[in-house]
Amino acid sequence: MSGRPLDVLEASLGERVTVRLKSGDEYVGDLAGYDQHMNLVLEDVSRAADREVEDSDPVEDTTIIRGDNVVSITP
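Residues numbered from 1 in each chain as written. Predicted model: local features only at pLDDT ≥ 70, side-chain atom pairs only at ≥ 80, totals over all residues. Heavy atoms only, no water.

A. Quick look at the environment of V70. With respect to the element layout, V70 can be found in strand β6 (residues 70–74). With a relative accessible area of 17%, V70 lands in the buried category. For the pair formed by V70 and L21, sequence separation is 49 residues and the distance between their alpha carbons is 4.6 Å. Setting aside chain neighbours within four positions, we find V70 in contact with V19, R20, L21, M38, L40 and I65. (Helix = DSSP H or I, 4+ residues; strand = E, 2+ residues; numbered from the N terminus. Buried < 20%, exposed > 50% of the residue type's maximum accessible area, 1.4 Å probe, protein only. Contact = heavy atoms within 4.5 Å.)

Shown next, in the form of C-alpha cells:
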C-alpha cells in the first residue's frame, strides 16, 4: 500500500489497524473514521501488550485517539 497518508487511511477504513502512541502504548482496532488532523476513531479496541495482541474481549467499543499523540498507524 502506498500513497499519501490520508489515502492510506481511506483504504484502511473498516480494517484492523495498530496505532502506536507517543507514550509507547499500542491499540488495535477497526478504523471507523479519521480527519485531516489524523484524529482516529477505532471500534472493538484492544490493547497490544509486548507486541502481542490480547485476544480477549475488546477493552472499549469505541475509542477516539487525538492525532497529536499518534506515532504510527499500521494497516
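B. Looking closely at the nonpolar core. Core analysis: the largest hydrophobic core is formed by 11 residues, namely L9, V17, V19, L21, Y27, L31, L40, L42, V45, I65 and V70. Residue assignment for this core shows that the elements contributing at least two residues are β1 (16–21), β2 (26–34) and β3 (40–49). Apart from the residues lying within four places of it in its own chain, the contact partners of L21 are Y27, I65, N69, V70 and V71. (Core = buried A, V, L, I, M, F, W, Y, C linked by side-chain atoms within 4.5 Å.)

C. Inspection of a negative patch on the surface at higher detail. Where like charges cluster on the molecular surface, the negative patch consists of E43, D44, E60 and D61. Only β3 and β5 (60–65) provide two or more residues apiece to the negative patch. Examined against the element boundaries, E60 turns out to sit in strand β5. According to the relative accessible area criterion, E60 is partly exposed, its value standing at 43%. (Patch = residues over 30% accessible without salt bridge, like charges linked within 9 Å, V, L, I, M, F, W, Y side chains within 5 Å. Areas by Shrake-Rupley, 256 points an atom, 1.4 Å probe, with all protein chains shown as cover. Salt bridge = Lys/Arg side-chain N within 4 Å of Asp/Glu carboxyl O. Lys, Arg positive; Asp, Glu negative; His and termini not counted. Charge placed at Lys NZ, Arg CZ, Asp CG, Glu CD.)

D. The pairing of β1, seen in detail. Taking every second residue as pointing to the same face, the buried face of β1 carries V17, V19 and L21, while none of R16, T18 and R20 on the other face is buried. The pairing of β1 with β2 spans 5 bridges and is classified as antiparallel. Bridge pairing in β2 places R16 opposite D30. Note: β1 against β6, 4 bridges, orientation antiparallel. Bridging across to β6, L21 finds its partner in V70. (Pairing = 2+ DSSP bridges.)

E. Representation of the pattern of salt bridges within the structure. Using the criterion set out here, one finds 5 salt bridges in the structure. R16 is the partner of D30 in a salt bridge, and the nearest nitrogen-oxygen pair spans 3.3 Å. Placement of the pair is D30 in strand β2 and R16 in strand β1, with a sequence separation of 14 residues. Of the residues examined, R16 reaches a relative accessible area of 37% and is grouped as partly exposed.

Structural measurements only, silent on function.
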